[in-house]
Amino acid sequence: MIETVGVPHVVPLEIILPDEPLLMMGAGPVPIPPRVAAANSIVINHLGETMNKVIEQIKEMGRYVFQTTSSHVMGVSGPGSAAMEMAISNLVHPDDRVLCICNGYFSHRMAEMVSRVRGEPVVLQVANNEQADVEAVEKALRTTKFDAITLVQGETSNTVCNRDLDRIARLAKEHGCLVIVDAVCTLSTMPLEMDQWGIDAVITGGQKGLSSIPGVSLLAFSDKAWNEKVTARTEMPFHWCLDAQLADKFWNQKSYHYTAPVSGLLALHEALRLVCVETLPNRFYRHLHCSEALQAGIEALGLQLLVPKQHRLNSVIGIVTPSQVSADVVRTHMSRVHRVEISGAFGLNILRIGQMGEQSRAHNLFRTLHALGASMQTAGADLDLPAGMAELERFLSQPRSNSSSMTRAMLCDTVIPA
Ligand SMILES: Cc1ncc(COP(=O)(O)O)c(C=O)c1O
């Protein structure tokens, strides 16, 4: 054979990757526990008895984290956006009118997906740095007949949280709409009760709250949505890979759809198992406590948070960069000197620090806050670093009962399967 393309010069990974890995404290992906990493290194047959057992457990644990009894929990070989596209392309049919509640980048992505499957998106634009207003949603639902609504629980891009998701979902139900929710950055970090709140599709990625790997995602359809939109449809959906009826062959009928990402599913299994071991109430508490402690520390440094408390997402914290400081210089200094990576933002002069999964551990908070404060000072900010560190310490050492705004309901009302 004559090689028309020569062997490329390739640098081995051990040279490309840093000797000391960065601590991933941005908006995702997040660090994964050793058990998840170990599971991700295994390849087994994608069909057969062993895989069937793994799949059954992923579904059962998925029902727990989504808080649903639906029999339509399934994984997707792809990013959170693939799960989003799977939900939308199966539940939105051509000419369906969809109310797309938009707080930022990811909620707009859902609106775009609605138009790509030939639905009719009607955007309800929410004011900057605010959560969706229930009355505005109700007015829109009263004025026009919609087939579905889409919204995010947490808008990672600008750190806004739709805290009234439960009320909005119930309202949409009263108006006969299906409810499609993006919980990519929030699932398992804060309460979401799919059945209780009347949600028809919940979408999540692996790489955020669940602390698994990117590229293998999870979603759940309600039985109602499945019967009305998935099995009752007469036209084929646009995407073969994302056709929920075909995916059901693998997820519920123990047969072939496409070759499943076995290593990623084993990693997801372990990540979900660790959620079950911790339990949702304890996990919600850990996330809230750590996020509020970090927020208090950041404010005590002398920095300002982007979003007012009543609209603020706890899973990703948005920090206003002081006017004389470059966010990029801060991030670069944090990575090079402190080996801590945080995120910039989508066109906003803010920095974002994640509080999802393994990020929400006390040792990671201390390292990150110190790296942030020291790097800000290097970049020209006038801050009180010792005051920030002391406030973080003070907040974290508060006893559980009086340390945060966690309500009794958050701790006690979660259904834990026997
Ligand atoms: C709220 C939200 N939705 C959707 C996505 C898309 O996920 P992915 O990048 O895995 O496609 C993200 C990713 O950051 C997100 O934060």
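Computed from a predicted structure; not experimentally measured. (Residues numbered from 1 in each chain as written. Predicted model: local features only at pLDDT ≥ 70, side-chain atom pairs only at ≥ 80, totals over all residues.)

Participant: Describe the site of the ligand, with residues and values.
Facilitator: Neighbouring residues of the ligand: 14 residues in total, closest Pro79, Gly80, Ser81, Thr156 and Val184. By residue class, the composition of the shell around the ligand is 7 nonpolar, 6 polar and 1 charged. (Near = placed C-beta within 6 Å. Nonpolar A, V, L, I, M, F, W, Y, C, P; charged D, E, K, R; others polar.)

Participant: Give me the lowdown on the sheet that holds strand β4 (residues 120-125), citing residues and values where you can.
Facilitator: Taken together, the 7 strands give an open sheet; going across it, the order is β2-β10-β9-β8-β5-β3-β4, and neighbouring strands pair in mixed fashion. Each edge of the open sheet carries a strand with a single partner, namely β2 (72-77) and β4. For this sheet, the mean inter-axis angle between neighbouring strands, taken without regard to orientation, is 20°. Pairing analysis gives 6 bridges linking strand β3 (residues 97-102) to β4, with the strands arranged parallel. If you follow Val98 over to β4, its bridge partner there is Pro121. Contacts from helix α3 (residues 49-66) reach β2, β9 (201-204) and β10 (216-221) within the one sheet, and its direction differs from that of β2 by about 105°. Contacting β2, β8 (178-182), β9 and β10, helix α9 (residues 223-230) runs over the sheet at an angle of about 85° to β10. (Pairing = 2+ DSSP bridges. Helix = DSSP H or I, 4+ residues; strand = E, 2+ residues; numbered from the N terminus. Axes fitted to C-alpha atoms, helices over the stretch in contact; angles between N-to-C directions. Contact = placed C-beta atoms within 7 Å.)

Participant: Break down the nonpolar core for me, citing the residues and quoting the values.
Facilitator: Ala201, Val202 and Leu219 are the most contacted members of the largest nonpolar core, which totals 128 residues. Those residues in contact with Leu219 that lie beyond four places of it in its chain are Met74, Val76, Ala83, Met86, Ala87, Ala201, Val202, Ile203 and Thr204. (Core = buried A, V, L, I, M, F, W, Y, C linked by C-beta atoms within 7 Å. Buried ≥ 20, exposed ≤ 12 C-beta atoms within 10 Å, placed from the backbone.)

Participant: Go over the sheet that holds strand β14 (residues 350-354) with me, naming the residues and quoting the values.
Facilitator: In spatial order, the strands read β11-β12-β14; together these 3 strands make up an open sheet with antiparallel pairing. Each edge of the open sheet carries a strand with a single partner, namely β11 (304-305) and β14. Along the sheet, helix α12 (residues 280-301) makes contact with β11, β12 (316-320) and β14, crossing β12 at roughly 10°.

Participant: Tell me what's going on with the environment of Ile88, and back it up with residues and numbers.
Facilitator: With respect to the element layout, Ile88 can be found in helix α4 (residues 80-91). Given 28 C-beta atoms within a 10 Å radius, Ile88 is considered buried. Put simply, Ile88 and Pro31 are 57 residues apart on the chain and 29 Å apart in space, counted from C-alpha to C-alpha. Dropping the residues within four chain positions of it, Ile88 is found in contact with Met110, Met113, Val114, Val117 and Ile180.

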